[in-house]
Amino acid sequence: VTNDFGSLQILGDPQPFAGTSYQYFAQVQSASPTYAWQVTGGNIQGAANNSSVLVNWNNGASASSLKLTATVQFCSKDTTMQIELCYYSKYRFRL
């Protein structure tokens, strides 16, 4: 029996615009994992235990990140995506 169930990644934009919602996806090499998402600097919209999550990123958040924990049987693995929030200028470009 092995405890390593492959790689775990978060797919999605690491530079979202503040004040908007973005979808993120789990990519895990394992059969039937359970998921647990945690966010800093935003709010999860809906369930936090699916293979994808919708996050509304807060305006003015000083530190933002998205953490995913996947569990298969009794083995867990986690990964964190550091988020660099972008803000709109009056011309709607990323600053």
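A brief look at the structure comes next.

About the criteria used
- Residue positions are given per chain, counted from 1 along the sequence in the order it is written.
- Local features in this predicted model are restricted to residues of pLDDT 70 or higher, and side-chain atom pairs are both shown and tallied only at a pLDDT of 80 or more, whereas totals for entire chains, interfaces and linings draw on every residue.
- For the side-chain quantities, the full set of heavy atoms in the structure was used; hydrogens and water were omitted.
- Pairs of strands are assigned from DSSP output, requiring at least two bridges between the strands.
- Runs of E in the DSSP output that reach at least two residues are strands. Runs of H or I that reach at least four are helices, and both are numbered from the N terminus.
- The axes used here are C-alpha line fits, helices contributing only the stretch in contact, and every angle between their N-to-C directions lies in the interval 0 to 180 degrees.
- The set of buried Ala, Val, Leu, Ile, Met, Phe, Trp, Tyr and Cys residues whose side-chain atoms join them within 4.5 Å is what this entry labels a nonpolar core.
- Note on exposure labels: buried denotes an accessible area under 20% of the residue type's maximum, exposed denotes more than 50%, and partly exposed covers the range between, all computed with a 1.4 Å probe on protein chains only.

## Here's the deal with the sheet that holds strand β3 (residues 34-40)
Phase 1 of the analysis: If you walk across this open sheet you meet the three strands as β3-β6-β7, and the pairing is antiparallel. Of all the strands in the sheet, the pair left with one neighbour each is β3 and β7 (75-83). For this sheet, the mean angle separating the axes of adjacent strands, direction not counted, is 15°.
Phase 2 of the analysis: Here strand β6 (residues 64-72) pairs with β7 via nine bridges, running antiparallel.

## Some details on the nonpolar core
Phase 1 of the analysis: Counting residues in each nonpolar core, the largest one holds 23 residues, and the members touching the most others are Ile10, Tyr24, Trp37, Trp57, Leu66 and Leu68.
Phase 2 of the analysis: Sorting the residues of this core by element identifies β1 (8-11), β2 (21-28), β3, β5 (52-57), β6 and β7 as the ones contributing at least two each.

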